[in-house]
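Listed below, chain by chain, are the residues.
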Amino acid sequence: MPGLLRGVARTAVVAGTATAVSNRVSRRQANRWSQQGADPYGAAQEPAPEPAAPAAPAPDLVTQLKELAELRDSGVLTDAEFQTQKARILA
């Protein structure tokens, strides 16, 4: 029985050492690759694309022009500002 226990203990030590060495090598390689800006497969890392914001539906031209006219009529916009914004909407 003592021989069996010694064999099991030796196997556990060897397996534990192999795992520790493998993990350390993996970490060192990952650090080296991140410093070089490449992934483990040799391709250059590109920044992840930002998720696109959902596009809000644009109000139709008539609604926008009505809102501009209301702003002009209430005195918020001058006639020149109204004409500028109207030209931008219609362009």
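Before reading further, recall that the structure is shown in the block above.
What you see is a predicted model; the values in this text were computed from it and never measured.

Caption draft 1: How the structure looks around the overall build of the protein chain. Across its full length, the protein chain holds three helices and zero strands. When the helices and strands of the protein chain are listed from N to C terminus, the series reads α-α-α. Within the span of the protein chain, comprising 91 residues, buried residues form 7% of the whole. Roughly 7900 Å² of accessible area belongs to the protein chain as shown, and the carbon and sulfur atoms make up 59% of that amount.

Caption draft 2: Structural detail: helix α2 (residues 61-73). In this model α2 runs 18 Å from its N-terminal to its C-terminal C-alpha over 13 residues, within 8% of the 18 Å that 1.5 Å per residue would give. A positive phi of about 95 degrees marks Gly75, the residue just after α2.

Caption draft 3: Focus on a positive patch on the surface. On the surface, Arg24, Arg27, Arg28 and Arg32 cluster together to form a positively charged patch. Positionally, Arg24 belongs in helix α1 (residues 2-36).

Caption draft 4: Quick peek at the nonpolar core. Formed by Leu68, Ala69, Leu77, Phe82 and Ile89, the largest nonpolar core amounts to five residues. Counting residues per element, the ones that place at least two in this core are α2 and α3 (79-90). For Leu68, the residues in contact, after removing those within four places along its chain, are Leu77, Phe82, Gln85, Lys86 and Ile89.

Caption draft 5: Geometry of the environment of Ile89. Counting through the fold element by element, Ile89 comes out in helix α3. Separated by 25 residues in the primary sequence, Ile89 and Gln64 have C-alpha atoms spaced 7.7 Å apart.

Calculation criteria
Residues numbered from 1 in each chain as written. Predicted model: local features only at pLDDT ≥ 70, side-chain atom pairs only at ≥ 80, totals over all residues. Heavy atoms only, no water. Helix = DSSP H or I, 4+ residues; strand = E, 2+ residues; numbered from the N terminus. Buried < 20%, exposed > 50% of the residue type's maximum accessible area, 1.4 Å probe, protein only. Areas by Shrake-Rupley, 256 points an atom, 1.4 Å probe, with all protein chains shown as cover. Expected span 1.5 Å × (residues − 1). Patch = residues over 30% accessible without salt bridge, like charges linked within 9 Å, V, L, I, M, F, W, Y side chains within 5 Å. Salt bridge = Lys/Arg side-chain N within 4 Å of Asp/Glu carboxyl O. Lys, Arg positive; Asp, Glu negative; His and termini not counted. Charge placed at Lys NZ, Arg CZ, Asp CG, Glu CD. Core = buried A, V, L, I, M, F, W, Y, C linked by side-chain atoms within 4.5 Å. Contact = heavy atoms within 4.5 Å.

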